[in-house]
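# Geometric and topological summary
Spelled out from the first residue to the last, the chains are:
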Amino acid sequence: MNEFPCFVSPLVRQAARNLYQLELISGTPVWTYWYRRREFWHVQRMMARTPDETAAWLPALAFAVSREKDSDVLAELAQWFFPEPLPPEAMPWRDRFIQAWEQYLANTEWKKSIPLAALVRLDRRVERLPEWLQEARHALNLNPENWRLRLAALAGWRPRPGDLPAHGDSREAVLQWGQFWEELLRNYSSEPDALIAAVALLHLAEADWLTGDFSREELRDEFRQRVQQQWSMSTFQHAEILRILLSSVPAGCSAPERWQRDIMAWLELTHENVQWEKREAVWGMLAAWQREGVLERSGRGRLPEPPLLLLLPDLARALEWERDNDVLLAMAGYVPEAAEVRAHPEATRDIVARWEALGRNDNWRIRHAAWMARWNFMRAGVLTAGEQARFGADYMDAIMSEKDQTVLLTLAQIPPPGTFPLATWAGRLSDQYDRSRLAAHLAIHGWLVDMAGGGQRIASDSEASGEWRVASGSKASGEWRVEVHYPLLAARYSLLATRRRQVRQTLRRAGQEVTGTVAPFVNLPHDVLPDFRRLHEIETALAAGQMPPPDAGMENQPMSRAVPARLPETQPRMNPPGGTGPAPAAKSTARPPSPEKVRRE
């Protein structure tokens, strides 16, 4: 018998779980729709995480880029930010992510700009500047629609934290890079190109690498004023370019007073009389600064308490009138730090109450944003005991009655507070719609993986094929028990027998187990049960700094991991969601399609 390593680090375990979840979803019919894939990655990017939790998505992202063809989904994948420095275990994963972008074969100039935007943010070595400079010069030969997007992608390059000013051959590359953007800024002073050039020069100025006539304060003012006064959002291209630029702009390292004025000036672009595209972009920028920890490393971390920045009161005021679902989704990504919450307790409570109210809105997109915001505040430790109790109660109500499948998929990715509601999620396995069943599948699947400890040791196929059965002693109480049977391994291998006892102990502590003889309540569909052998295969490869081999089942049967079939109607159902007919079509508020998508259609 092959001996497998028993232990992997928490980072490897989480990365394996993320990649395994993605493999599972990518084999379902739901994944064939590009906008579903984009929604999934946007939710994951906006959820509050620690640096290690963010790095744990690198293998899954590399897998996604290697298979993705849609430009809108790729644009979402290109916006992911990873903290510096990465954990040593994650460095090979980042290399594979970079490799996936480099191997992407773009068939149009528009699509070629998306991998470049990702690469200049991921690979910040000065040695690659000559390559980026060549791309920038080539961009000027393209038509305006493509050259501005290409230049906006390249303008996102910035030196790595702690890198000293370049010298030798690298110094010459930096000088040429700066001269290119300075010339562009002077020659196109009234064009959108000047806005792009200001961002590229700002990155050099913030690292003290700029030797020209522009200071960092002048460049920050130049950029902000052009966005505020000149930049038009009349076309999709302009809106896309602004999002790319704002997502790459650093928070800055100005003096506290200067820093406060800069923030207040940006917040003027979040007022009600400003175009919603600009409001969305600015809130997205502020949320990105917070997620990256740039606010703490620059002005705010050195300020005395209470902090001089007043973002929480502004957020509270904006939530009173904001109704655009895309802007609300960007606002949902802003998570305050503890010092800011202590300084503005009333604004914090107002924000939490407003998100709670928006969670009951008739617009599913607004409910979607509200749940993301509430979970981010929950993770940040912002909620009081009463607010946490309401979060748990609202979560239970939502998974029982939520009709929109996108919101339900988001809820499935939020670990519930307290006891896992297995009965309620299992009841939704009999839903009419495949995405609702997929949401229940993911929620139950993730819970089983957590309880089993991630399947860290799995033996041969015949011995590891344990049987998982869910039973209940009281349908009304919703108390469930998971019985784990390893017919051969439980008797022969103490480690797996221990794993079985751990599962039972976890259930008992969670109040999920009942005593006495119980009658079978429901057998979970086979596809809901985790494939621990595949999970272990992924863990082993990632621990060695490699990507796992393709799943044989997925290669032979592209839809082998299909959404669980709808359970028969005789299956007892807990708290059935309201309504049995088709869900009403939601009013589309999607972004205008990219030029490439228009041409393709």
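Relevant structure appears above.
Right, let's walk through the structure included here.

### As for the pattern of salt bridges
- Evaluation of the coordinates by the stated rule reveals 30 salt bridges.
- Residues E39 and R36 are paired through a salt bridge, measuring 3.4 Å at the closest nitrogen-oxygen approach. One end of the pair is E39 and the other is R36, both in helix α2 (residues 34-46) and 3 residues apart, which spans about a single turn.
- Residue R220 pairs with E206 through a salt bridge whose shortest N-O separation is 2.8 Å. Note that R220 is positioned in helix α12 (residues 216-229) and E206 in helix α11 (residues 192-206), a separation of 14 residues in sequence.
- Here R220 falls in the buried class, since its relative accessible area comes to 5%.

### Remarks on helix α9 (residues 144-154)
- Taking burial as the measure, the 11 residues of α9 include 9 buried ones, the bulk of the element.
- Looking at α9, one finds that the buried residues are N146, W147, R148, L149, R150, L151, A152, A153 and L154.
- Where α9 is buried, its residues contact α7 (109-122), α8 (129-139), α10 (169-187), α11 and α13 (236-248).

### Side note on the side chain of S248
- Here S248 lies in helix α13.
- S248 sits in the buried class, given a relative accessible area of 3%.
- Excluding its chain neighbours within four sequence positions, the residues that come into contact with S248 are G156, R158, V199 and H203.

### Re the packing of helix α1 (residues 10-26) against helix α25 (residues 434-451)
- The contact between α1 and α25 brings their axes to 12 Å, and the two run at 150°. Classified by the angle between their axes, α1 and α25 sit roughly antiparallel to one another. Of the two elements, α1 crosses α25, and the hand of that crossing is right-handed. Here R17, Y20, Q21, L24 and I25 of α1 lie close against α25, whose contacting residues are L438, H441, L442, H445, G446, V449 and D450.
- Split by residue class, the contact of α1 with α25 holds 6 nonpolar, 4 polar and 2 charged.

### Some remarks on unusual backbone geometry
- Of note in the backbone geometry, D208 takes a positive phi value of approximately 60° without being a glycine.
- Residue placement: D208 occurs in the loop between α11 and α12.

### Re the nonpolar core
- Judged by nonpolar contacts, the single largest core of 170 residues is most densely connected at W41, W101, W181, F223, W355 and W425.
- The leading source of residues in this core is α11, at 11 residues.
- With residues up to four places along the chain from it excluded, the contact list for W181 reads L151, L154, A155, I196, A197, A200 and L201.

Procedures and definitions
- Sequence order sets the numbering: in each chain, residues are counted from 1 along the sequence as written.
- The predicted origin of the model limits local features to residues at a pLDDT of at least 70 and limits the giving and counting of side-chain atom pairs to 80 or more, whereas totals for whole chains, interfaces and linings rest on all residues.
- Derived side-chain values reflect all non-hydrogen atoms in the structure, with water molecules and hydrogen atoms excluded from consideration.
- Counted as salt bridges are all cases of a side-chain nitrogen of Lys or Arg within 4 Å of a carboxyl oxygen of Asp or Glu.
- A helix here means a DSSP run of H or I that spans at least four residues, while a strand means a run of E at least two residues long, and both kinds are numbered starting from the N terminus.
- With a 1.4 Å probe rolled over the protein chains alone, any residue whose accessible area is under 20% of its type maximum counts as buried; one over 50% counts as exposed, and the rest are partly exposed.
- Should any heavy atoms of two residues lie within 4.5 Å, those residues are counted as being in contact.
- Orientation is described by axes fitted as lines to C-alpha atoms, over the contacting stretch for helices, and by angles from 0 to 180 degrees between their N-to-C directions.
- Under this scheme an angle from 65 to 115 degrees is roughly perpendicular, one under 35 degrees roughly parallel, and one over 145 degrees roughly antiparallel; angles in between are oblique.
- The crossing is said to be left-handed when, going from far helix to near helix, the turn is anticlockwise and less than a right angle, and right-handed when the turn is clockwise.
- Only Asp, Glu, Lys and Arg are considered charged in this grouping, and only Ala, Val, Leu, Ile, Met, Phe, Trp, Tyr, Cys and Pro are considered nonpolar; every other residue, Gly among them, is considered polar.
- Among buried residues, the Ala, Val, Leu, Ile, Met, Phe, Trp, Tyr and Cys ones that are joined through side-chain atoms within 4.5 Å form a nonpolar core.

By themselves, these are just geometric observations and shouldn't be taken as functional.
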